[in-house]
Amino acid sequence: MSVTIDITGLPEERLLFSPSPLAELNAMLHVLAEPAHHPALHGWVSCTAATIPPELSERLLEADFLWRSSRADFLVPGLPGATLAEELDAVDRIDDEQFVAGALVTTCGASRFTRPMASPLTDPAANERARDLALARGPRQAAFADRLLADPTTVRALVRRMLEDCESAFFADAWRRVLPDLAADARRKADLLARRGLAEAVGDLSPSVSLDQGSDGRRRIVIDKLQDSTTSGTAAGGVTFIPTVFGRPHLLAVYAYGWRPVLQYPVAEAGVAEPVSLALVQQRLEALAHPIRLRLARTIARGPHTTGELATAWQLSAPEVSRHLAVLRKAGLLITERRGRYMLYQLDLAGSARLGSDFLEALLR
């Protein structure tokens, strides 16, 4: 499954790498709403939650469907500004139908991304569906959605004031701290694009992002996501890449019909291992699901072994052991070391640990 952004014929100068204060505030609000997604930020969550005024906390709770499980499109700008106020001014310029649809209409289906959706402000079926989605999130959220549908102008002003209050309550200090890293990463990606080309610049964003240059002459940015959807950066006039610190580990794609495609990607962090693609995780799980390979993995987790030792220990033929080790090696789970004429195999404990502490403990039991 993937999101595909068609960039055939798009000049590379239309690919923009830039920090966005509004997108980073959106990421922070998501962290506050879903701290379990971000265990490394639990300290920040505790300190920040304790300093937010209770009245602001109540307003954030009412509107949390804007950033909890999905993100309102307008909170991730296609053309980032220098300040939060500048980006909020741009949000004010979009019409009520775009604002309400971006806030309330979420779906895993592809139709939202390939053609205009009916407006909840004018279409009874879309209105009912938006209310049902909001009600499923809770009574406060449903009441907020009802007010938005009944009086979008007033509620839009309340949302802006709420985000401005976030700036004074906690965002301004956090933004000053992370902006240098975000700006440096955006510059590095732009420089990589200029010196090494688009494929390398896109690949440096995440293992889950790649450039597909098809035999038909088309160029597509492919993002490993839950949906199977296609959009066009060419038709939108460009694609924007926004670095984030607080968004890690999420790779956020905004690509609804009529919006400039945006990809918010986590910047690399010193001392933190690079993320691996979902395809590699699946490959590792499948490699370890075989009962013989799991036995071999438990054996070589305790120390290096030769093929002959493993064959003897498990009453297998040497070629059979070699075939199973090849699968583990292809999944990136083996460390090899040559000693004279012997090749020793050991499980990569660091890589295996990333599959989960319970799994590693079971291997070493």
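Procedures and definitions
- Residues numbered from 1 in each chain as written.
- Predicted model: local features only at pLDDT ≥ 70, side-chain atom pairs only at ≥ 80, totals over all residues.
- Heavy atoms only, no water.
- Phe/Tyr/Trp six-rings, centres within 6.5 Å; stacked < 30°, edge-to-face > 60°.
- Helix = DSSP H or I, 4+ residues; strand = E, 2+ residues; numbered from the N terminus.
- Buried < 20%, exposed > 50% of the residue type's maximum accessible area, 1.4 Å probe, protein only.
- Pairing = 2+ DSSP bridges.
- Axes fitted to C-alpha atoms, helices over the stretch in contact; angles between N-to-C directions.
- Contact = heavy atoms within 4.5 Å.

Engineer: Honestly, the packing of aromatic side chains in this entry has me stumped. Any pointers?
Structural biologist: Working definition: an aromatic ring pair is given by the centre-to-centre distance plus the angle between the planes. On inspection of all chains with the given rule, the structure shows six aromatic pairs. On the numbers, 4.8 Å between centres and 20° between planes, the contact of F17 with F241 is stacked. Of this pair, F17 sits in strand β2 (residues 15-17) while F241 sits in strand β6 (residues 239-244), placing them 224 residues apart in sequence. For the residue pair F17 and F241, the accessibility class agrees, reading buried in each case. Taken together through their ring pairs, the aromatic side chains of W44, F170 and F246 make up a single cluster.

Engineer: Mind showing me how you'd approach the sheet that holds strand β9 (residues 305-306) here?
Structural biologist: Within a sheet, adjacent strands bond to each other through the backbone by hydrogen bonds, running parallel or antiparallel. The strand order β9-β11-β10 describes an open sheet built from three strands, whose pairing is antiparallel. Of all the strands in the sheet, just β9 and β10 (334-339) have a single pairing partner and so form its edges. Inspection of the sheet shows β10 paired to strand β11 (residues 342-347) by six bridges, in the antiparallel sense. Directly across from T336, in β11, lies its bridge partner Y345.

Engineer: Teacher, can you tell me more about the sheet that holds strand β7 (residues 252-254) here?
Structural biologist: With mixed pairing, the four strands of this open sheet are ordered in space as β2-β6-β8-β7. Of all the strands in the sheet, just β2 and β7 have a single pairing partner and so form its edges. When strand polarity is set aside, the average angle formed by the axes of neighbouring strands in this sheet is 15°. Of the strand pairs in this sheet, β7 and strand β8 (residues 262-266) are connected by three bridges, and their pairing is antiparallel. Paired with L252 across the two strands is Q264, which belongs to β8. Most of the contacts of helix α1 (residues 21-33) go to β6, to which it runs at about 50°, and overall it touches β6, β7 and β8. The sheet strands contacting helix α9 (residues 152-196) are β2, β6 and β8, and the helix crosses β2 at an angle near 150°.

Engineer: What exactly am I supposed to notice about the side chain of S18 here?
Structural biologist: Within the secondary structure, S18 sits in the loop between β2 and α1. Non-local contacts of S18, meaning those with residues more than four positions away in its chain, are made with P80, A186, F241, I242 and P243.

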